[in-house]
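Tertiary structure, described
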Amino acid sequence: MAVLINEQIKAAEVELTGLKGEKLGTVSRSEALSKARAAGADLVCTSLMSSPPPCSLVAKGKGKAAAQAVRKGDTSRPQGGGSNEKVKELRFTAHIEEHDYDTKLRQADKHLRSGKPVQLVVKSSGAKESAAAKAVLERLVADLKEAGTKASGLQTSGKGAQVRVNPRAN
């Protein structure tokens, strides 16, 4: 995952986020760089997968640290003011054994009750099993309803399905 800082960013326009995480909208690259200089900050871009790419103003000197953290595999959000919340990913298969299901369910419940979100991922070996994958996810969400709530709808693809569950606010 490439991290670009300041002049390394070549996109004509960027989706800019301020130092405190506030959305500043889509601005030209030169305007984003001048805002960074005016705030005494670095302009950091962590994803080139969207157009315009998302960029954040990060405290001066923290941009390189954020870049190194991402290069080392620490994908907790390096942007200034963003959440450093790690999401625990639990993987299942579409035809999971009952004992394995119970074990993973307990793990998910434990994470949710400790205030951490979980990403539930069910892998399937093709589109034929996607209905079974979706059924496993729906059962998991129903079994976890006391500890957490769905953050998004079930996302299905040809090779599986996934859903994020956030802890329930007490």
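It should be noted that the structure appears before, not after, this text.
What comes next is a walk through the structure. (Residues numbered from 1 in each chain as written. Predicted model: local features only at pLDDT ≥ 70, side-chain atom pairs only at ≥ 80, totals over all residues. Heavy atoms only, no water.)

Overview of the packing of aromatic side chains
The final tally for this structure, using the stated rule, is zero aromatic pairs. In this structure, K104 packs its charged tip against the face of F92, placed 5.7 Å from the ring centre. Over the aromatic face of Y101 sits the side chain of R139, whose NZ or CZ is 3.8 Å from the ring centroid. (Phe/Tyr/Trp six-rings, centres within 6.5 Å; stacked < 30°, edge-to-face > 60°. Lys NZ or Arg CZ within 6 Å of the ring centre and 35° of its normal.)

Quick notes on the pattern of salt bridges
Pairs can form between side chains of opposite charge whenever their charged atoms are close. One pass over the structure, following the stated rule, counts six salt bridges. For E31, the salt bridge goes to K35, with nearest N and O atoms at 3.7 Å. Taken together, the residues span about one helical turn, with E31 and K35 both in helix α1 (residues 29–38) at a distance of four residues. We classify E31 as partly exposed; its relative accessible area is 35%. Here E89 and R91 are joined by a salt bridge, their closest N and O atoms 2.6 Å apart. Bridged by salt links that share partners, the residues E98, R139 and D143 form one connected network. (Salt bridge = Lys/Arg side-chain N within 4 Å of Asp/Glu carboxyl O. Helix = DSSP H or I, 4+ residues; strand = E, 2+ residues; numbered from the N terminus. Buried < 20%, exposed > 50% of the residue type's maximum accessible area, 1.4 Å probe, protein only.)

Considerations on the nonpolar core
Core analysis: the largest hydrophobic core is formed by 20 residues, its most contacted members being L120, V122, L137, L140 and V165. When residues of this core are traced back to their parent elements, those giving at least two are β6 (88–93), α3 (98–113), β7 (118–123), α4 (130–143) and β10 (160–167). Discounting chain neighbours no more than four positions away, the residues touching V165 are L112, P117, V118, L120, V141, G148, T149, K150 and A151. Within the second largest apolar cluster, 13 residues are counted, among which are V14, L33, A41 and C45. (Core = buried A, V, L, I, M, F, W, Y, C linked by side-chain atoms within 4.5 Å. Contact = heavy atoms within 4.5 Å.)

As for the packing of α3 against α4
Contact geometry for α3 and α4: axes closest at 11 Å, N-to-C directions at 45 degrees. Comparing their axes, α4 and α3 come out oblique. For the element pair α3 and α4, the recorded crossing hand is right-handed. Contact with α3, carried on its side by E98, Y101 and L105, involves R139, L140 and D143 of α4 and no other residues of that element. Looking at side-chain class alone, the contact of α3 with α4 contains three nonpolar, no polar and three charged residues. (Axes fitted to C-alpha atoms, helices over the stretch in contact; angles between N-to-C directions. Parallel < 35°, antiparallel > 145°, perpendicular 65-115°, else oblique. Left-handed = near helix turned anticlockwise from the far one by under 90°. Nonpolar A, V, L, I, M, F, W, Y, C, P; charged D, E, K, R; others polar.)

Comments concerning α3
Because the α-helix completes a turn every 3.6 residues, residues three or four places apart line up on one side. Relative to the 22 Å expected for 16 residues at 1.5 Å per residue, α3 spans 22 Å between its end C-alpha atoms, a close match to the ideal helical length. Y101, L105, A108 and L112 are the residues of α3 that are buried. End-on, the buried residues of α3 take up no more than an arc of 65 degrees, which puts them together on one face. Opposite the buried face of α3, at more than 90 degrees from it, the exposed residues are H99, R106, K110 and R113. The elements touched by buried residues of α3 are β6, β7, α4, β8 (148–150) and β10. Just downstream of α3, G115 is the residue with a positive phi angle, here 90 degrees. (Expected span 1.5 Å × (residues − 1). Arc of directions from axis to C-beta.)

Regarding the pairing of β7
Taken across its six residues, β7 has five buried, putting it largely inside the fold. With six bridges connecting them, β6 and β7 associate as parallel partners. Within β7, the residue paired with E89 across the bridge is Q119. Remark: the β6/α3/β7 crossover connection has right-handed handedness. Here β7 runs beside β10; their pairing, made up of six bridges, is antiparallel. Looking across to β10, one finds that L120 is bridged to V163. (Pairing = 2+ DSSP bridges. Right-handed = clockwise from strand over helix to strand, strands pointing away.)

Details of the environment of V141
Checked against the element boundaries, V141 lands in helix α4. Each C-alpha atom of the pair V141 and L120 lies 9.0 Å from the other, and the pair is 21 residues apart in sequence. Aside from chain neighbours lying at most four places away, what touches V141 is K150, V163 and V165.

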